[in-house]
Amino acid sequence: EVSRFLSSMLTHMGGVALLVLFCSAAMPASAQPGGGAPQKMAPPKWLDDEGKDLFTDLEADENPYNEAACETREKLLKKMAGKGDKDASEHRARVLIGLGLCELKKASWSLAKRRLESAISEMNMPSEDFMLQNQGVAHIALIKQAAVFMDKHEITQASTALRRCREIVDRNLKKVLKMVHKQMGQQGQAPPLELLLEEIPGYGKTGNYLPMIIKQVPILQQEFPFAEIVDQTLDSLDKRVAAIDTSLKAKRLRLESKTKGSLLYVRALASEAVVPAERSAVAQELASDKFSAAFKKEVASTEKGVTLVKRTKEGTGCKEGKGMDTTCKALMSIPDIASNGFGETRLVVVKAGKQQQLDACQTNANIGILLAAKDGASITVGKGADPLALEAGKPVVIDFCLEAFLDASTSVPVLFAQAWHPEFAGLERTTELRARSKAFSLSEDDVKAATKVVNDHAKKHWEKAAKLWREGSEGHAAVKQAFLEEVEEKKKQDEELAEAKRKEDEAGDEERKKGLEALQKKREAKKKAEEEAEQARLRRKKQLEEERANRDPWLNFPAVLEAEKKLEELKEARRDANAKLEFDLSTQLTKDISAAERDLKKAIKKAKKEHKKGGAPAAASDKGGAKQEKKGENSELKALKKELAKVTEQKKKAAESEDFAEAKRLKAEQKELETKIKKLEL
């Protein structure tokens, strides 16, 4: 069924290949509650392995517009770039639409616009007007239009585009669910269709049926998240507009209803309390000389109010013999009045000195137009507002969702017409007429007649009427300016944050520089200390070698030195073998070291014997020098011992005189002299 639906759609669209964009294949037989494994679109064969993995990850993501999924789309788009395969363009369009929704979710209107424009280009459509005439793709053109308007801060136009988009998505969802329901019925397991449709507001996440069905129908896996993002964007706009037009909050509290009754709240649809007639196409029709003259004539003798048009049908005041034939005929020829299912256009006779309150609106998608038959009446709209005089034959447009009171100094007949709000689109009007036909007591023929009036008028005049409504509007200008100021404020905050971060980075760089300089100094100091320690070690080593040579001259014999060198090399080799875990080599080296140690002992023993016999010419040739050195050492030793005796005596006297600080200093000096003496005595 889904395949036939898409095939017929493609035929109607002139053969444009968008099958991949909306659905992968016919819904499997398991597309029923509790049946079958989840159905996913297979990655195109022309993608490389990494691209296929990205495609599969994206299809498997239960939240297709979270941050990770959006990053995956960015990578996948790069993998698809430049591919000329048969379905490459459709796949790129699908990814680009997803990226556009990602940016829309982040309120990045400019990026969303570019992404969606690229997607439409990949879809190879003749024009956006062509797309708007085809329900299967109209929502893509509308979401792109919304991004364009938001980028220009045209908030009311963006809101209208978003609401139209949401209606199209809702109709597409219902159409698919009807086909799914039909196929389930053929298998003998189908819940009532009404139960499926009732779960649409949950986006397939809640309910008894859709959470299971959505796993089996790829098109629903795309359309429900699409609808959710549109709703989130609309809700956000509604709150922001309500912060500017504070009356919206009260309207929402009174009019919002989950049932399709006689009350309706339309998101982000605002109106000024009083609007000049020049901005309303309906008011201009009522202001025409022909209508004004006929109205004044027919109500001249009227003393009692009557209903002229009620919920798209003529009221009791239009019956024969009531004398309102020309007025009623003229009113029924005005589409925005005649097709208004919420409205009740009537004649109000305001008595002298008696204030009369107008009925409150049933939807903020309506406006009121007042036309006085003669002078003497005034209207007050909103609490604390000043009265506005109603001139005979000159209509005034009001927001009658606010409290509105009529006053008169004499009896004045006033026409109170209720018409569609100019920015409430034809698509929205027909949807509400069909959905609320029972509440409005409209027969099927009544609904068809009213929707025909709406559609015929919308094709030719709706956009002109909406444009006229916005021209010179202080309310629209205030909303646009407020949004623009928000953008400027955010830009300013971003710049301040960037500047603060730059300064922080600079301060961090300075601190880092100071830290590096301190670290360099520490390294230099450490290196210097290591060099001094190495020099001290070498001096000590040299001293020890000299002391050993003086004490055991035979240890400097070439044979002994050669044996020591060999032993040290073997030990170093064993350390390397142990570090490399070469245990066999280490074992062998241990044996070699043992043999080398025995050889060293033999060499030392032999050298000692030779020294005692007067051998070792090198040692003998240095005999005179050694004797002279020893003589010098004995002289130094005597001087040190003499100094030690002197210091010891001074320390003793300091202790006896209780000069403990001096005694402590002399004690340290004594120890230092004793150490030097010991070294010389070695």
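Residues numbered from 1 in each chain as written. Predicted model: local features only at pLDDT ≥ 70, side-chain atom pairs only at ≥ 80, totals over all residues. Heavy atoms only, no water.

Participant: Where do I start with the nonpolar core in this structure?
Facilitator: Proteins that are soluble and globular tend to have nonpolar side chains buried together. Ranked by internal contacts, the top residues of the largest apolar core, which has 97 residues, are I143, L220, L370 and L390. For this core, the element with the most residues is helix 9 (residues 155-186), which contributes 12 residues. Apart from residues no more than four positions distant in its own chain, L390 is found in contact with L370, A372, K374, D375, G376, A377, S378, I379, V396, L406 and V414. In terms of nonpolar packing, the next biggest core, distinct from the first, is built from 26 residues, L286, V299, V309 and I334 among them. (Core = buried A, V, L, I, M, F, W, Y, C linked by side-chain atoms within 4.5 Å. Buried < 20%, exposed > 50% of the residue type's maximum accessible area, 1.4 Å probe, protein only. Helix = DSSP H or I, 4+ residues; strand = E, 2+ residues; numbered from the N terminus. Contact = heavy atoms within 4.5 Å.)

Participant: What is the right way to look at the packing of aromatic side chains in this model?
Facilitator: Inspection of the entire model under this criterion finds five aromatic pairs. Centroid distance F291 to F295: 6.2 Å. Interplanar angle 5 degrees. Geometry classified as stacked. A residue pair is termed a helical-turn pair when its members lie 3 or 4 positions apart in one helix, as F291 and F295 do in helix 15 (residues 289-299) at four residues. For the pair F291 and F295, one class covers both residues: buried. Judged by centre distance (5.5 Å) and plane angle (25 degrees), the rings of W420 and F424 are stacked. For W420, a relative accessible area of 1% corresponds to the buried category. For F424, a relative accessible area of 2% translates into the label buried. Joined through ring pairs, the aromatic side chains of F342, W420, F424 and F440 make up one cluster. Sitting over the ring of W469, R279 keeps its end group 5.3 Å from the ring centre. (Phe/Tyr/Trp six-rings, centres within 6.5 Å; stacked < 30°, edge-to-face > 60°. Lys NZ or Arg CZ within 6 Å of the ring centre and 35° of its normal.)

Participant: In this structure, what is going on with the pairing of strand 4 (residues 344-350)? I would like to understand it.
Facilitator: The side chains of a regular strand alternate between both faces of the sheet. Counting buried residues along strand 4, six of its seven residues qualify, which places the element largely inside the surrounding structure. Summarising the sheet, strand 2 (residues 306-310) and strand 4 pair through four bridges and their orientation is antiparallel. In the strand pairing of strand 4, T307 is matched with R346. As judged from the five bridges shared by strand 4 and strand 11 (residues 412-420), these two strands associate in the antiparallel manner. (Pairing = 2+ DSSP bridges.)

Participant: I would appreciate a short explanation of unusual backbone geometry in the present structure.
Facilitator: Leaving glycine aside, a negative phi is the common case for residues, and trans is the common case for peptide bonds. Notably, A268 is not glycine yet its phi reads approximately 55 degrees, a positive angle. Locating A268 in the fold gives a position in the loop between helix 13 (247-255) and strand 1 (274-275). The backbone phi angle of S441 is positive, close to 55 degrees, even though this residue is not glycine.

Participant: Would you take a moment to explain the environment of R115 for this structure?
Facilitator: Mapped onto the elements of the fold, R115 is located in helix 6 (residues 109-123). Separated by 18 residues in sequence, R115 and I97 have C-alpha atoms that sit 6.8 Å apart. In contact with R115, other than residues within four places in its own chain, are E74, L77, L96, L99, G100 and E103.

Participant: Where do I start with the packing of helix 9 against helix 12 (residues 218-244) in this structure?
Facilitator: Each pair of packed helices can be summarised by the angle the axes make with each other and by the distance between the axes. Look at helix 9 against helix 12: their axes get within 10 Å of each other, and the N-to-C directions meet at 150 degrees. Between helix 9 and helix 12, the crossing angle belongs to the class labelled roughly antiparallel. Here the hand of the crossing between helix 9 and helix 12 comes out left-handed. Where helix 9 abuts helix 12, its residues I155, S159, L162, R163, C165, R166, V169, N172, L173, V176 and L177 lie against I219, L220, E223, F224, F226, A227, V230, D231, T233, L234, L237 and V241. (Axes fitted to C-alpha atoms, helices over the stretch in contact; angles between N-to-C directions. Parallel < 35°, antiparallel > 145°, perpendicular 65-115°, else oblique. Left-handed = near helix turned anticlockwise from the far one by under 90°.)

Participant: How should the sheet that holds strand 2 be read in this particular structure?
Facilitator: Sheet strands line up and pair through hydrogen bonds in the backbone, either parallel or antiparallel. Pairing in this open sheet of seven strands is antiparallel, and the strands run 1-9-6-11-4-2-3 from one edge to the other. The open sheet has two free edges, formed respectively by strand 1 and strand 3 (313-314), since each of these has just one partner strand.

Participant: Whenever I open this one, the pairing of strand 10 (residues 404-408) confuses me. Can you help?
Facilitator: Side chains A404, L406 and A408 project from strand 10 onto a buried face, and the interleaved F405 and D407 project onto a face without burial. Summarising the sheet, strand 5 (residues 356-357) and strand 10 pair through two bridges and their orientation is antiparallel. Within strand 10, the position partnered with Q357 by the bridge is F405. Alignment of strand 7 (residues 377-381) against strand 10, held across five bridges, turns out to be antiparallel. Of the residues in strand 10, the one forming a bridge with I379 is L406.

Participant: Where do I start with empty space enclosed by the protein in this structure?
Facilitator: Empty space among the atoms becomes apparent when a probe as large as a water molecule is rolled across them. Following the criterion strictly, the structure yields two cavities of 30 Å³ or more and no others. When its volume is computed, the second largest cavity comes out at roughly 40 Å³. Residue lining of the second largest cavity: S280, A281, V282, D336, I367, W420, P422 and A465, and that is the complete set. Of the residues that constitute the lining of the second largest cavity, the class distribution is six nonpolar, one polar and one charged. (1 Å grid on protein atoms, 1.4 Å probe; cavity = no way out; pocket = protein on both sides within 12 Å on 5 of 7 lines; lining within 4 Å. Points joined across faces, edges and corners; volume = space filled by probe spheres on them. Nonpolar A, V, L, I, M, F, W, Y, C, P; charged D, E, K, R; others polar.)

Participant: Looking at this structure, I do not really get the layout of surface pockets. What am I missing?
Facilitator: If you add up the space inside the largest pocket, you get close to 1700 Å³. Counting residues per element, the ones that place at least two in the lining of the largest pocket are helix 9, helix 10 (193-198), helix 12, helix 13 and helix 18 (426-435). For the lining of the largest pocket, the element with the most residues is helix 9, which contributes eight residues. When the residues that make up the lining of the largest pocket are grouped by side-chain class, the tally is 12 nonpolar, four polar and 21 charged.

Participant: Would you explain the pattern of salt bridges in this entry?
Facilitator: Opposite charge on two side chains makes pairing possible when the charged atoms of those side chains draw close. Applying the stated rule across the entire model yields 38 salt bridges. For D336, the salt bridge identified is with R429, shortest N-O distance 3.0 Å. Taken together, the residues span a long stretch of sequence, with D336 in helix 17 (residues 335-338) and R429 in helix 18 at a distance of 93 residues. Of the two residues, D336 and R429, neither departs from the other in class, the shared state being buried. (Salt bridge = Lys/Arg side-chain N within 4 Å of Asp/Glu carboxyl O.)

Participant: Please clarify how the sheet that holds strand 8 (residues 388-390) should be interpreted in this entry.
Facilitator: The antiparallel open sheet is built from four strands, whose spatial order is 5-10-7-8. Two strands close off the open sheet at either side, each with one partner strand: strand 5 and strand 8. Sheet analysis places strand 7 next to strand 8, joined by three bridges and oriented antiparallel. Within strand 8, the residue paired with S378 across the bridge is A389.

Participant: Can you help me understand helix 22 (residues 583-612) in this one?
Facilitator: Each full turn of the α-helix corresponds to 3.6 residues, which orients residues three or four apart in the same direction. With 30 residues, helix 22 should cover 44 Å at 1.5 Å per step; its first-to-last C-alpha distance of 43 Å lies within 8% of that length. Elements in contact with the buried residues of helix 22: helix 21 (558-579). Following helix 22 by one or two positions, G614 has its phi on the positive side, about 90 degrees. (Expected span 1.5 Å × (residues − 1).)

Participant: How should I be thinking about the side chain of H153 in this particular structure?
Facilitator: Relative to the assigned elements, H153 resides in the loop between helix 8 (135-151) and helix 9. Those residues in contact with H153, other than ones at most four positions away along the chain, are K480, L484 and V487.

Participant: Would you mind showing me how to read the state of the cysteines here?
Facilitator: Among covalent bonds in proteins, the disulfide is the one between the sulfur atoms of two cysteines. Using the criterion set out here, one finds three disulfides in the structure. Between the sulfur of C70 and that of C102 lies a disulfide, 2.0 Å long from S to S. Across the S-S bond linking C70 and C102, the dihedral sits near -90 degrees, which makes this disulfide left-handed. With a gap of 32 residues between them, C70 in helix 4 (residues 67-80) and C102 in helix 5 (residues 88-105) connect regions that are remote in the sequence. For the pair C70 and C102, a shared accessibility class is recorded, and that class is buried. Shown here is the disulfide that connects C361 with C401, its sulfur atoms set 1.9 Å apart. One quick way to see it: the torsion about the S-S bond of C361 and C401 is about 110 degrees, and its sign makes the bridge right-handed. Pair noted here: C361 is in the loop between strand 5 and strand 6 (366-372) and C401 is in the loop between strand 9 (396-398) and strand 10, with a separation of 40 residues, a long-range link. The pair formed by C361 and C401 is uniform in burial state, with each residue classed as buried. The disulfide pattern of the chain is 1-2, 3-4, 5-6 when the bonded cysteines are numbered in sequence order. Its sulfur unpaired, C165 is 15 Å from the next cysteine sulfur, which belongs to C102. (Disulfide = S-S within 2.5 Å.)

Geometric values such as these leave the question of function open.
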